[in-house]
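Chain by chain, the residues run as shown.
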Amino acid sequence: MITDTLKRFVGKLFGQQPPAMRRIGSSKHGIDRRNVSRHAIKVCEVLQHEGFQAYIVGGAVRDLIVGLEPKDFDVATNATPEQIRPLFRRARIIGRRFQLVHVVFGQEIIETSTFRAPASESQATDDHGRILRDNEFGTHAQDAARRDFTINALYYNPTTQEVIDYHNGVEDLKARSIKMIGDPRTRYREDPVRMLRAVRFAVKLKGTIHPDTRAPLQSMAELIENVPASRLFDEMLKLLTCGHAMDCLQQLRQDGLHQGILPLLDVVLEQPGGEEFIELALERTDHRIRSGKTVSPSFLFAALLWHQVDLRWKKRIQAGTPSIQALMDAADSVLDEQTEKLAIQKRFSADMREIWFMQPRFEKRLPKSIWRMFEQPRFRASVDFLQLRAAAHQFDSVLAQWWMDLANADDAGRAAMLEELSRLPKETSTTAARSRSRRRRRSPTTGGEHTDNPVAPE
Ligand code: ATP
Ligand code: MG
């Protein structure tokens, strides 16, 4: 604390040295303009035509330089939201504290924000130094300084095709080094989520966290507990859907950052059986993301927490609670524990419950109730979830495949399958499954991957 105050005092005394700015040409940074969103280019051109500075910034520039496809494009400018909005046909100002503009082009939204000043001592922080408000407009250099890592503070001007680099970000990016701008400890204190971001970017870029940026992680990990649950949820979701979820979780554990993120995750990962299920779920998620498909957060969290639900479900049944009630109680107790820490929004937890509660209904194949199951909005996701359980040897894989075939079939196909089912003598689900063992079997690990929509997007 004292050293921070001292540093700030010295900084004030001698004036903050503006960092050396570099202009990097396209032969060096290697961005191919054809890979840049034409809408983002348009936003920059319109603003520049009005005499403003405007750049594509952040994750998009980083991803373009390393040859990844950016998720979205953000623009930074010295125009204020009030100046930006009238320049575009469809644009709206969003945000209360720090306003920015969403410029809308059909499906694509270009988030356009005004250069922002970095944290200063006048800024409101909580007792741990976490920034509570961050809402002053600033200069281009200040905007670069308030960003988290050097690789995220790069500005691409589509007109000149130059990258403006204040913090040596292009070199760090080429070296795949995740390096914090400024003093890492102060920056983590301002916003502990940056610790999780460091890990995510290191894994995503197949790089390493710079030693100075990495050193404080373990000792500062507990600050993550002060982060509002909704923010933690968003960051956790980004981590789980970055296409390298398993690697990220392993890295988080190595860096001592896993505790307090998903409270049950530690317990689950340490229990026999728990790890296997999560690994399978995350492998499939990674596979989907990398092949450009969507993943629903409800499905993902339903999978992450399933082992706990399953354990508590079985325990309650053993204690004499009827199966369905036991499952509901188990789900409630797991969700209650999680939502304290991680704001799993209501709409997600409702979907998670639906996915879980559908599971016992797959055990018995009763044609009448199957027609009702089709009507459930989460039927498809629940069948996918069943594939996961089958792959983890928790459910008969042949029967799971029957459900998958049923979910994939059109109405006529479903009717035929149910007709066939009703001709079978009444038998338990497992014997039914055994009698159908001539059906084409899929390997448990690939079962369900053939479908185009195993996890419905939100
Ligand atoms: P992703 O690929 O996950 O979208 P990103 O770098 O674009 O990665 P965003 O969360 O979309 O991440 O943020 C956009 C930019 O805003 C970042 O590149 C970074 O410059 C800045 N930024 C985001 N979060 C923080 C933070 N916690 N502290 C400082 N700067 C941040
Ligand atoms: Mg982004």
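Here the residue numbers are simple positions, counted from 1 along each chain's written sequence. Written order decides the labels, with chains lettered from A and ligands numbered from 1. Residue-level local features of this predicted model are given only where pLDDT is at least 70; pairs of side-chain atoms are given and counted only at 80 or more, and the full residue set underlies all totals for whole chains, interfaces and linings. Side-chain figures throughout are based on the complete set of non-hydrogen atoms in the structure, without hydrogens or water.

Q: Could you clarify how one ought to interpret the packing of aromatic side chains in this entry?
A: Any aromatic ring pair is given by two values, namely how distant the centres are and how the planes are angled relative to each other. Each aromatic pair joins two rings of Phe, Tyr and Trp (for Trp, the six-membered one) with centres within 6.5 Å, and gets the label stacked for planes under 30 degrees apart, edge-to-face for over 60, and tilted for any other angle. Under the criterion given, the structure shown has 14 aromatic pairs. Look at Phe98 and Phe137: their rings are 5.6 Å apart centre to centre, the planes differ by 80°, and that puts the pair in the edge-to-face class. Linking Phe98 in the loop between β4 (91-94) and β5 (100-105) with Phe137 in the loop between β6 (108-114) and α6 (140-145), this pair joins segments that are 39 residues apart in sequence. Under the scheme applied here, a residue whose accessible area is under 20% of the maximum for its type counts as buried, over 50% as exposed, and between as partly exposed, the area being computed with a 1.4 Å probe on protein chains only. Judged by its relative accessible area of 10%, Phe98 is buried. Here a set of aromatic residues connected by ring pairs shows up, and it is made of Phe277, Phe299, Trp306, Trp313 and Phe385. By the criterion adopted, a ring carries a charge over it if an Arg CZ or a Lys NZ lies within 6 Å of its centre and within 35 degrees of its normal. One cation-aromatic arrangement involves Arg365 over Trp402; the distance from NZ or CZ to the ring centre is 4.5 Å. Across the ring face of Phe374, the terminal group of Arg414 is positioned such that the distance to the ring centre comes to 4.1 Å. Each helix is a run of H or I in the DSSP string that is no shorter than four residues. Each strand is a run of E no shorter than two, and both are numbered from the N terminus.

Q: Looking at this model, I keep getting lost on the site of ligand 1. Mind explaining?
A: Near, as used in this document, describes a residue that has one of its heavy atoms within 4 Å of the molecule or strand being considered. Contacts to ligand 1 come from 17 residues, most closely from Arg62, Asp191, Arg194, Arg200 and Lys238. Pairs of N or O atoms are called polar contacts if they sit within 3.5 Å, as long as, within protein, a hydrogen donor faces a hydrogen acceptor (for residues adjacent in sequence, only side-chain-to-side-chain pairs). Contacts to ligand 1 include Lys238, whose side-chain N or O atom sits 2.6 Å from an oxygen atom. Areas reported here follow the Shrake-Rupley algorithm with a probe of radius 1.4 Å; residue values treat only the protein chains shown as occluding. In isolation ligand 1 exposes 580 Å². Once the protein is present, 86% of that is buried. Contributions of two or more residues to the shell around ligand 1 are made by α4 (59-66), α9 (193-204) and α12 (229-240). Per element, the largest residue contribution to the shell around ligand 1 is five residues, and it comes from α9. Its residues assigned to classes, the shell around ligand 1 shows one nonpolar, three polar and 13 charged. Under the grouping applied here, Gly and all other residues not named as nonpolar or charged are polar, the nonpolar ones being Ala, Val, Leu, Ile, Met, Phe, Trp, Tyr, Cys and Pro and the charged ones Asp, Glu, Lys and Arg.

Q: Hey, could you run me through the pairing of strand β7 (residues 154-157) in this one?
A: Two faces, one strand: in a regular strand the side chains alternate between the faces of the sheet. Here β7 shows no split at all, with Leu154 and Tyr156 on one side and Tyr155 and Asn157 on the other all buried. Two strands qualify as a pair provided that DSSP identifies no fewer than 2 bridges between them. Relative to β7, strand β2 (residues 54-57) runs antiparallel, the two sharing two bridges. Looking across to β7, one finds that Ile56 is bridged to Tyr156. Note that β7 and strand β8 (residues 162-165) share four bridges and pair antiparallel. Directly across from Tyr156, in β8, lies its bridge partner Val163. Two successive antiparallel strands, β7 and β8, enclose a turn made up of four residues, where Gln161 displays a positive phi of approximately 60°.

Q: Can you help me understand helix α3 (residues 38-49) in this one?
A: For an α-helix, the turn length of 3.6 residues means that residues three or four places apart are oriented alike. Here the expected length of a helix is defined as 1.5 Å per residue gap, with one fewer gap than residues. With twelve residues, α3 extends 16 Å from end C-alpha to end C-alpha; this agrees with the ideal 16 Å at 1.5 Å per step. Residues count as neighbours in contact if any of their non-hydrogen atoms are within 4.5 Å of one another. Among the structural elements, β2, β3 (74-77), α5 (81-84), β5 and β6 are those in contact with the buried residues of α3.

Q: Just to check I follow, could you spell out the nonpolar core for this structure?
A: Among soluble globular proteins, nonpolar side chains are generally buried collectively. Residues enter a nonpolar core if they are buried and are Ala, Val, Leu, Ile, Met, Phe, Trp, Tyr or Cys, with the set joined through side-chain atoms within 4.5 Å. In this structure, Leu47, Ile56, Leu282, Trp356 and Phe385 are the most contacted members of the largest nonpolar core, which totals 95 residues. Among residues more than four places away in sequence, those in contact with Leu47 are Phe52, Ala54, Val75, Thr77, Ala79, Ile84, Leu87, Phe88 and Thr112. Ranked by size, the runner-up nonpolar core spans 20 residues in total, among them Ile370, Val383, Leu399 and Trp403.

Q: Can you help me understand the pairing of β6 in this one?
A: Note that β3 and β6 share four bridges and pair parallel. By the bridge assignment, Ala76 is partnered in β6 with Ser113. The sheet contact formed by β5 and β6 spans five bridges and is antiparallel. Bridge pairing links Val103 to Ile110 in β6. Here β5 folds back onto β6 in antiparallel fashion, the turn holding two residues, of which Gly106 has a positive phi close to 55°.

Q: Where do I start with the pattern of salt bridges in this structure?
A: Where charged atoms from two side chains of opposite charge approach closely, those side chains can pair. Salt bridges are defined by distance alone: a side-chain nitrogen of Lys or Arg within 4 Å of a carboxyl oxygen of Asp or Glu. Inspection of every chain in the model, using the stated rule, returns 20 salt bridges. Between Arg200 and Glu235 there is a salt bridge, with the nearest N and O atoms lying 3.0 Å from each other. Within this pair, whereas Arg200 is found in helix α9, its partner Glu235 is found in helix α12, the two being separated by 35 residues in sequence. Residue classification places Glu235 among the buried positions, given a relative accessible area of 6%. For the salt bridge of Arg380 with Asp384, the shortest nitrogen-to-oxygen distance reads 3.8 Å. Of the two residues, Arg380 and Asp384 are both situated in helix α20 (residues 379-391); the distance of four residues between them amounts to about one turn of the helix.

Q: Looking at this structure, how should I read the confidence of the model for the chain?
A: Low-pLDDT portions of the prediction should not be read for the details of their coordinates. Residue-level confidence of the predictor is summarised by pLDDT, bounded by 0 at the bottom and 100 at the top. Confidence along the chain averages 84 in pLDDT terms, with 81% of residues attaining 70 or more. Contacts of residues 10-15 to residues separated by more than four positions or lying in other chains number two contacts, the stretch itself having pLDDT below 50. Counted against residues more than four places away or in other chains, residues 429-458, with its pLDDT under 50, gives 68 contacts.

Q: Sorry if this is basic, but what is going on with the packing of helix α13 (residues 245-254) against helix α15 (residues 274-290) here?
A: Axis angle and axis distance: for two packed helices, these are the angle between their axes and the distance between the axes, and together they describe the pair. Where α13 meets α15, the axes come as close as 8 Å, and the angle between the chain directions of the two elements is 130°. Considering the angle they form, α13 stands oblique to α15. Contacts between α13 and α15 involve Ala245, Met246, Leu249 and Arg253 from the first element and Glu275, Glu279, Leu282 and Asp286 from the second. For the contact of α13 with α15, a count of residues per class yields four nonpolar, no polar and four charged. Axis definition: a line fit to C-alpha positions, over the contact stretch in the case of helices; interaxial angles, taken between N-to-C directions, run 0 to 180 degrees. Angle categories are assigned with fixed cut-offs, so that under 35 degrees is roughly parallel, over 145 is roughly antiparallel, 65 to 115 is roughly perpendicular, and the rest are oblique.

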